[in-house]
There are 2 protein chains.
Amino acid sequence: MRKIGIKEIEDIALGAALLGAGGGGDPYVGKLMAIGAIRECGEVTLLDPDEVPDDALVVPIAMMGAPTVLAEKAVNGNEYRTLYETVKAYYGRDIYAFMPIEAGGVNSMLPIVAAARLGLPLVDVDGMGRAFPELQMVTFTIGGVNATPMGLVDEKGNSVIFKTITNKWTEELARSVTMSCGGSVTVSLYAMDGATMKKYGVKNIVTRSERLGSALKNLKNSSTGDVEKRFLEVTDGFKLFKGKIVDVLRETRGAFNFGRVVLEGIAEYKGRKADVEFQNENLVARVDGRIAATVPDLICLVDTGTFTPVPTDALKYGKRVMVVGLKCFELWRSDAGIDLVGPRYFGCDTDYIPIEKRMEGGSV
Amino acid sequence: MRKIGIKEIEDIALGAALLGAGGGGDPYVGKLMAIGAIRECGEVTLLDPDEVPDDALVVPIAMMGAPTVLAEKAVNGNEYRTLYETVKAYYGRDIYAFMPIEAGGVNSMLPIVAAARLGLPLVDVDGMGRAFPELQMVTFTIGGVNATPMGLVDEKGNSVIFKTITNKWTEELARSVTMSCGGSVTVSLYAMDGATMKKYGVKNIVTRSERLGSALKNLKNSSTGDVEKRFLEVTDGFKLFKGKIVDVLRETRGAFNFGRVVLEGIAEYKGRKADVEFQNENLVARVDGRIAATVPDLICLVDTGTFTPVPTDALKYGKRVMVVGLKCFELWRSDAGIDLVGPRYFGCDTDYIPIEKRMEGGSV
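Residues numbered from 1 in each chain as written. Chains lettered and ligands numbered in written order. Predicted model: local features only at pLDDT ≥ 70, side-chain atom pairs only at ≥ 80, totals over all residues. Heavy atoms only, no water.

(A) Looking closely at the overall build of chain A. Scanning chain A for helices and strands turns up twelve helices and 18 strands. Against the globule reference of 21 Å for 364 residues, chain A gives a C-alpha radius of gyration of 20 Å, in line with a compact fold. In terms of overall dimensions, chain A has C-alpha extents of about 60 × 45 × 40 Å along its principal axes. Within chain A, the proportion of its 364 residues that are buried is 60%. For chain A, contacts bridging at least 24 residues in sequence account for 72% of all contacts bridging at least 6. Carbon and sulfur atoms provide 49% of the accessible area of chain A, an area that totals close to 13,900 Å². (Helix = DSSP H or I, 4+ residues; strand = E, 2+ residues; numbered from the N terminus. Rg over C-alpha atoms; globule rule 2.2 N^0.38 Å. Buried < 20%, exposed > 50% of the residue type's maximum accessible area, 1.4 Å probe, protein only. Contact = heavy atoms within 4.5 Å. Areas by Shrake-Rupley, 256 points an atom, 1.4 Å probe, with all protein chains shown as cover.)

(B) Region of interest: the pattern of salt bridges. Here the structure, examined in full by the defined rule, presents 50 salt bridges over all chains. The shortest N-O distance in the salt bridge between E85 of chain A and R81 of chain A comes to 3.6 Å. Residue E85 of chain A and its partner R81 of chain A are located together in helix α4 (residues 79–91), separated by four residues, close to a single helical turn. When its relative accessible area of 43% is taken as the criterion, R81 of chain A is described as partly exposed. Here D50 of chain B ties to K203 of chain B by a salt bridge, and the two come within 3.7 Å at their closest N and O atoms. Highlighted residues: D50 of chain B in the loop between β2 (44–47) and β3 (57–65) and K203 of chain B in strand β11 (residues 202–203), separated in sequence by 153 residues. For K203 of chain B, a relative accessible area of 35% translates into the label partly exposed. What you see here is one network of salt bridges that share partners, running through E228, K239, K242 and E268 of chain A. (Salt bridge = Lys/Arg side-chain N within 4 Å of Asp/Glu carboxyl O.)

(C) Region of the structure containing helix α10 (residues 227–235) of chain A. All names here are of chain A. Residues of α10 that are buried: V227, E228, F231, L232 and T235. Across the axial projection of α10, the buried residues extend over an arc of 140°, all falling on one side. With respect to the buried face of α10, the exposed residues turned more than 90 degrees away are K229 and E233. If you check the start of α10, you find a side-chain oxygen 3.3 Å away from the backbone N of E228, and it comes from D226. The positive-phi residue at the C-terminal boundary of α10 is D236, with phi of around 55°. (Arc of directions from axis to C-beta. Polar contact = N/O pair within 3.5 Å; in protein donor to acceptor, adjacent residues only side chain to side chain.)

(D) Region of interest: the interface of chain A and chain B. Between chain A and chain B, the contact holds 19 residues from the first and 19 residues from the second. Carbon and sulfur atoms make up 59% of the surface buried where chain A meets chain B, a total of about 1,800 Å² over both sides. In terms of surface lost to chain B, no three residues of chain A exceed N158, L173 and S180 of chain A, which account for 27% of the buried area on that side. Remark: the boundary between chain A and chain B carries zero salt bridges. Applying the counting rule to chain A against chain B returns seven residue pairs in polar contact (both at pLDDT 80 or more). (Buried area = accessible area lost by both parts, 1.4 Å probe.)

(E) Inspection of the environment of T164 of chain A at higher detail. Residues and elements named next belong to chain A. Within the fold, T164 resides in the loop between β8 (159–163) and α7 (167–180). Using a relative accessible area of 7% as the deciding quantity, one classes T164 as buried. Taking the C-alpha atoms as reference, T164 lies 6.4 Å from T148; in sequence the two are 16 residues apart. Polar contacts involving the side chain of T164 include one to the side chain of T170, which spans 2.6 Å.

(F) Inspection of α7 of chain A at higher detail. All names here are of chain A. Compared with the 20 Å implied by 1.5 Å per residue over 14 residues, the 20 Å span of α7 between its first and last C-alpha is a close match. Most of α7 is tucked away, with ten of its 14 residues classed as buried. Every buried residue belonging to α7 is among N167, T170, E171, L173, A174, R175, S176, V177, T178 and S180, and all of these are buried. Looking one or two residues beyond α7, the residue adopting positive phi is G182, at roughly 110°. (Expected span 1.5 Å × (residues − 1).)

(G) View of the pairing of strand β17 (residues 298–303) of chain A. All names here are of chain A. Summarising burial for β17: six of the six residues are buried, a large majority. Because side chains alternate across β17, one face comprises the buried residues L298, C300 and V302, and the other comprises I299, L301 and D303, equally buried. Two elements, β17 and strand β18 (residues 320–326), share six bridges in a ladder whose sense is antiparallel. Counterpart to L301 in the pairing with β18 is V323. (Pairing = 2+ DSSP bridges.)

(H) Region of the structure containing the packing of helix α1 (residues 6–19) of chain A against helix α2 (residues 27–41) of chain A. All names here are of chain A. Contact pair α1 / α2: the axes reach a minimum separation of 10 Å and the direction vectors enclose 160°. On the basis of their axis angle, the class for α1 and α2 is roughly antiparallel. Two packed elements cross with a definite hand, and for α1 against α2 that hand is right-handed. Between α1 and α2, the contacting residues are I6, I9, E10, A13 and A17 on the first element and P27, K31, A34, I35, I38 and R39 on the second. (Axes fitted to C-alpha atoms, helices over the stretch in contact; angles between N-to-C directions. Parallel < 35°, antiparallel > 145°, perpendicular 65-115°, else oblique. Left-handed = near helix turned anticlockwise from the far one by under 90°.)

(I) Structural context of the relation of the copies chain A and chain B. Note on the copies: chain A fits chain B at an RMSD of 0.0 Å, the axial shift is 0.0 Å, and the rotation between them is 180°. A rotation of that kind, with that shift, is consistent with a two-fold axis. Interface overlap between copies is the fraction of interface residues in one copy that are interface residues in the other; for chain A against chain B it reaches 100%, indicating a shared surface. (Least-squares fit on C-alpha atoms with pLDDT ≥ 70 in both.)

(J) Representation of the environment of V206 of chain A within the structure. Residues and elements named next belong to chain A. Note on placement: V206 falls in helix α9 (residues 205–221). Each C-alpha atom of the pair V206 and G237 lies 18 Å from the other, and the pair is 31 residues apart in sequence. The contacts of V206, once residues within four sequence positions are left out, are I4, I12, L46, P100, L122, V123, D124 and V125.

(K) Seen up close, the nonpolar core. By size, the foremost hydrophobic cluster in this structure holds 199 residues, and its most contacted members are F98, Y190 and F231 of chain A together with F98, Y190 and F231 of chain B. Not counting the four nearest positions on each side in its chain, F98 of chain A is found in contact with V59, I61, Y84, P111, A114, A115, L118, L120, P121, L122 and V123 of chain A. (Core = buried A, V, L, I, M, F, W, Y, C linked by side-chain atoms within 4.5 Å.)

(L) Examining the packing of helix α2 (residues 27–41) of chain B against helix α5 (residues 110–118) of chain B more closely. Residues and elements named next belong to chain B. Here α2 crosses α5 at 15°, and the two axes come no closer than 8 Å. Taken together, the axes of α2 and α5 lie roughly parallel to each other. Once α2 is placed against α5, the crossing between them reads as left-handed. Counting all contacts with α2, which are made through M33, A34, G36, A37, I38, E40 and C41, the residues of α5 involved are L110, I112, V113, A116 and R117. The residue makeup of the contact of α2 with α5, split by class, is nine nonpolar, one polar and two charged. (Nonpolar A, V, L, I, M, F, W, Y, C, P; charged D, E, K, R; others polar.)

(M) Quick look at unusual backbone geometry. With an omega of 5°, the peptide bond running from V295 of chain A to P296 of chain A counts as cis. Along the chain, P296 of chain A turns up in the loop between β16 (290–294) and β17. Between T148 of chain B and P149 of chain B the backbone carries a cis peptide bond, its omega angle lying at 0°. Considering the arrangement of structural elements, one finds P149 of chain B in the loop between α6 (139–142) and β7 (150–153). A positive phi is found at Y190 of chain A, a non-glycine position, where the angle reads about 55°. Relative to the elements of secondary structure, Y190 of chain A occurs in the loop between β9 (184–188) and β10 (192–193).

Take a look at the structure:
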């Protein structure tokens, strides 16, 4: 158990943006909301997962819809209380703590806002250890946890509870309502007891985000030594490529951003080519036509000068980026994990090979 | 307290179709469902409103969406149990009884199905005493009752609970989900305690439907005496016109059927003209350009030969109909009632004048 204040939030937001693997939204709006909530309501207690009783009700909080809409459509600050009352009324019991469902610029921050405003603790756990585009892509699905009952509230004060027969129907119905509410809403889903959270959750993800963020910040301010080497050390990352963005292809389909970014090698990669495919998050990285990494491992693009994460919606011609691969959470590498979020699910006809195995014998 | 069996259902369906005032859907599908439920689960207990304790939870049941969809998209029969469990879980207490929210071909029947399947009683009351097109058009709105918490279930087993800031938002969000679920769902809304039901409800509407239906059936089988006169006596109706349909104009806008039917006089109305405007239900009747009746009074079209009600979706060229006006429930004639369902709400720029006043000094 420890406190999260403004300094921690800055670091968590930066680190979570890296773990967002290209998605999870821009951390700027979320960070401002979290800092505002802490200034107003005080610091948030971060609980280690093992500090949560097995029978306590733990509720993940997230934003559903387009992060770009959130940037324009302000929240009113009461969403979390409405959601709290809604979920509490449904279960007929108190919520013990909030938690994030994914690591990412926006969705790592909103549970902090909720915790601050409701005076509840936040659990140091999530259901992905990264960001994924679809609602059912959480470790809790592997554990048989249903996304519903799912709570949804908008900034006007409307609230909805869904209970669906499959998580696909959750997506379908919640997306309809999200659109009717203006394109961005606050939700709680995969509410679960402490025992389930401990069994299937990605533990200590908030702390990991914070440490990563802190290290990235220090690197950014450092001008001595081999910064790139230290970046790879602190992230435990594999360097896949370094290049200049020469093309970005985008397509919005089914409320997702699909696309591909094409890179031309620089420095030691001069003369070589690479590309990264994405659906909100980066899915597959290819170097000279050969697969270098795939989901569920994390494929992250960072600025070669500042090591700041570059999300898929900020990709643009001329930007120089390093492509880095990070090992995913162990449970994603199980058969059930690969079924849920492996390359074939996303239409990439290849087996999943762990990134450290692909990188055996050095870089691609 | 009395029992409702198959004979009663036949009569209720016929009478409710008249009180549907052109809307409320074709009673055929609803009647089949009600008869099926009673054959399977036994007769339903009909309670007088005064037999319901003041603090008992009473829940109206209805269909939302297009009745034409319901005719093609079968129900699975478990909707009412899901709805029951959903509402019960939300309130944390048992439902004492179901009730209809409006009188009409479909929505007078579904609460009987729910009551039979769940073994609960039905209360002899509704919130309109007729049918109206929009969700907020119930006497309970005048009493300050909110439409939400509203339960919605589909035939697949998905369920949703809405809690909205206004009844317009209830319409908006529930309609989105209804469309995503395939265009027809079962809902519960305006759940209330017994005291509120007794204070604002239209009492004995089921019994009134049944008596009307029974009388219409007898008239239909009768061939002696002045049947038309007896029809007007049993319905307490005002004859506004008799004519042949010479034109039907229809427009589907905002998920409603808007339109106008034009009549050419027959018999004692020979040489005269009339028209009736509708939005699902009949709104305004004009004879020779002069208003003969408006909402909230009921404007009903019946077959001149059989006295069977003719709903707006069954209007067609050449059909001979009598236009009949019926007095609406007293509460609709209050200022709040006229605001909610008076002619101006529906875009007809005229004051509401009670039908018996318009008819003073004989027919139009």
